[in-house]
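Survey of secondary and tertiary structure
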Amino acid sequence: MSTLPITQGKTVPDATDYKGRPADRATTGGWSAAAMILGGEVMERLTTLGIAVNLVTYLTGTMHLGNAVSANVVTNFLGTSFMLCLLGGFLADTFLGRYLTIAIFAVVQAIGVTILTISTIVPSLHPPKCTTDSKSPCIQANSKQLLVLYLALYVTALGTGGLKSSVSGFGSDQFDDSDKDEKKGMIKFFSWFYFFVSIGSLAAVTVLVYIQDNQGRGWGYGICAVAIVVAVLVYLSGTRKYRIKQLVGSPLTQIAVVVVAAWRKRHMQLPSDSSLLYEEDDVLCETPKNKKQKMPHSKQFRFLDKAAIKGLENGSEITIKEKWYLSTLTDVEEVKMVIRMLPIWATTIMFWTIHAQMTTFSVSQATTMDCHIGKSFQIPAASMTVFLIGTILLTVPFYDKVIRPVAKKLLKNSHGFSPLQRIGVGLVLSVLSMVAAALIEIKRLNFARSHGFINNPTAKMPLSVFWLVPQFFFVGSGEAFMYMGQLDFFLRECPKGMKTMSTGLFLSTLSLGFFFSSLLVTIVNNVTGPKKPWIADNLNQGRLYDFYWLLAMLSAINVVIYLACAKWYVYKEKRLAEVGIELEEIDDAATFH
């Protein structure tokens, strides 16, 4: 017994080194390991955003695709990247572990970017250039050229999804949150993580976009490919230093088990007393890291309670937890908690549909406007996204230093705005962004008509591109509130044993938002037709402002629905307090901030 504290002091209880031995606290983990992971995240962000933010101009200018088709390619690429985070998270939690998941998918991403680079360099993989004095229409990319492009994009998306799903979690694994000093390091890690993500984003929308537009896509994408390869090599060089956590299984499996067990016993009668449902006596006596907090029984979604019925239809009884046949009542209640979150989850998707316009049509608008700063320097159209990122970086400290103290006094809440209130602010700002975008597009079209630019889509009209700043500002400030609110909400409200689910739910709203944007564009394009298109290949002959008005209207309706869902929702902390259970979980959301 006397040697136990010494052993615990030298090793991390729930982690191993790369050989499977107990992780030595002195030689593994900490900042030396986390720094290599942070470097990889910078390269991932640089690459993904460097491709996505300027992709629409490549598709329209080089591949000669229409504006609507190009916008859908971009949003489908981003949507797939975020959706594949669910696959990456599942593989990491269930089979591979975070270390192998990052290594494998970083290589996949490097392969995808390499294919993309080659496709821009080899002349036969893109159509010939279109000259302004050519009488014949521009030749669109053929099926072979598009096949190579899509292969490159979706291999990159696969790598991005797998990599993104595990980077932040593996970085936090390098710190032991049961140790006071290392827990402080973990808090600092998340702050630095957000900082490095921002640095990668800024470099992508400024330096990388400038290189793509002025030196060529081959140089721009080639730099991305080299950066990812270097990141992989640096990451692998730190293998001896990493702490590797044991596999805990995917929360998706728990949800599936509860649903299947309940369905198998769907014809059975629920007992009138919930104490007769199955619950393990030692549910609170598991390892401290993975312990589950016993949840009180709720009357909502009672069908799922059948998963905890001890008996089977043949009259036999199960007395121990058996997968696909019997779940604990706590497991059932955790699944119910996730279901209660779904209305909030669903009503946040619309924000990311609005956000998608900043990397598609807003960039297309910028290509038709005067992008000069002064007389000589001209910024790339895609670099307008810097105003979105800059607004995010300014809004976060402004909220912490100004808005939060005021909100504490007015709302008498120690945290300022609640997570749901912050999400609500973000949704309202998204409505304002589309109103601003519609009004600015009307001004741009009026200018094009009055100055004779209607039939000349390639010419730069002498209207400053900085008229587009308001729409980027509203979306950027909205994202700051939305991102913090969503992250806080999902981390707080997800059960402790299903924390990876919180990240998955959050990222899936981004994915579905981008996919919904693609769906809307397709529907609008088909309904308005070629005669009076809202989204024309020549924006000066279209009615893009009507599409923005549509988004503003849908977003306003979504806000109303969200407010009803937010009023219905009861926070987990309040629900537990009503039955006398104290919330034991670490404030992960505060840690993430």
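Here we summarise the structure given alongside this text. If you're wondering where the values come from, they're calculated on a predicted model, not measured in any experiment. (Residues numbered from 1 in each chain as written. Predicted model: local features only at pLDDT ≥ 70, side-chain atom pairs only at ≥ 80, totals over all residues. Heavy atoms only, no water.)

**A few points about a nonpolar patch on the surface**
Note the cut-off: Patch construction takes residues with relative accessible area above 30% that form no salt bridge. Like charges are linked within 9 Å, and nonpolar side chains (Val, Leu, Ile, Met, Phe, Trp, Tyr) are linked within 5 Å. To be clear on the numbers: accessible area is Shrake-Rupley with a 1.4 Å probe, and residue cover counts the displayed protein chains and nothing else. The salt bridge definition used is simple: a Lys or Arg side-chain nitrogen within 4 Å of an Asp or Glu carboxyl oxygen. Think of it this way: any DSSP run of H or I at least four residues long counts as a helix, any run of E at least two long counts as a strand, and we number them from the N terminus. Relative accessibility under 20% of the residue-type maximum defines a buried residue, over 50% an exposed one, and the middle range a partly exposed one, all with a 1.4 Å probe and only protein chains included.
Among the surface-exposed residues, W31, W192, F195 and I199 lie close enough to one another that they form a single nonpolar patch of about 400 Å² accessible area. Mapped onto the elements of the fold, W31 is located in helix α2 (residues 30-52). The exposure class assigned to W31 is partly exposed, which follows from its relative accessible area of 37%.

**Structural notes on the environment of L86**
Just so we agree on the cut-off: Should any heavy atoms of two residues lie within 4.5 Å, those residues are counted as being in contact.
The topology assignment puts L86 in helix α4 (residues 67-121). Residue classification places L86 among the partly exposed positions, given a relative accessible area of 31%. Considering only alpha carbons, one finds L86 and S508, 422 residues apart in sequence, at a separation of 7.7 Å. Setting aside anything within four residues of it in sequence, one finds L86 in contact with G504 and S508.

**Comments concerning the side chain of R217**
You can see R217 is positioned in helix α7 (residues 217-237). Overall, R217 belongs to the buried group, its relative accessible area being 11%.

**Considering the packing of aromatic side chains**
Put simply, the test is: Here a Phe, Tyr or Trp ring, Trp counted by its six-membered ring, pairs with any other such ring whose centre lies within 6.5 Å, and the pair is stacked when the planes are under 30 degrees apart, edge-to-face when over 60, and tilted otherwise. Working rule: Lys NZ or Arg CZ, within 6 Å of ring centre, within 35 degrees of ring normal, means a charge sits over the ring.
Enumeration over the complete set of coordinates arrives at 24 aromatic pairs. Taking 5.9 Å as the distance between ring centres and 55° as the angle between the ring planes, the aromatic pair formed by Y99 and Y242 counts as tilted. In this pair, Y99 sits in helix α4 while Y242 sits in the loop between α7 and β3 (244-245), placing the two residues 143 residues apart along the sequence. Comparing Y99 with Y242, the two get one shared label, buried. Their ring planes at 80° and their centres at 5.6 Å tell us that Y399 and F481 sit as a pair that is edge-to-face. On the criterion of sequence distance, the pair formed by Y399 in helix α12 (residues 385-411) and F481 in helix α14 (residues 469-493) is long-range, its members being 82 residues apart. In terms of burial, Y399 and F481 fall into one category: buried. Cluster of aromatic residues (ring-pair linked, three or more members): W31, F175, F189 and F193. Note that R264 overlies the ring of Y325, its terminal NZ or CZ placed 4.3 Å from the centroid. It is K443 that lies over the ring of W467; its NZ or CZ is 4.4 Å from the centre.

Distances and angles like these do not, on their own, reveal function.
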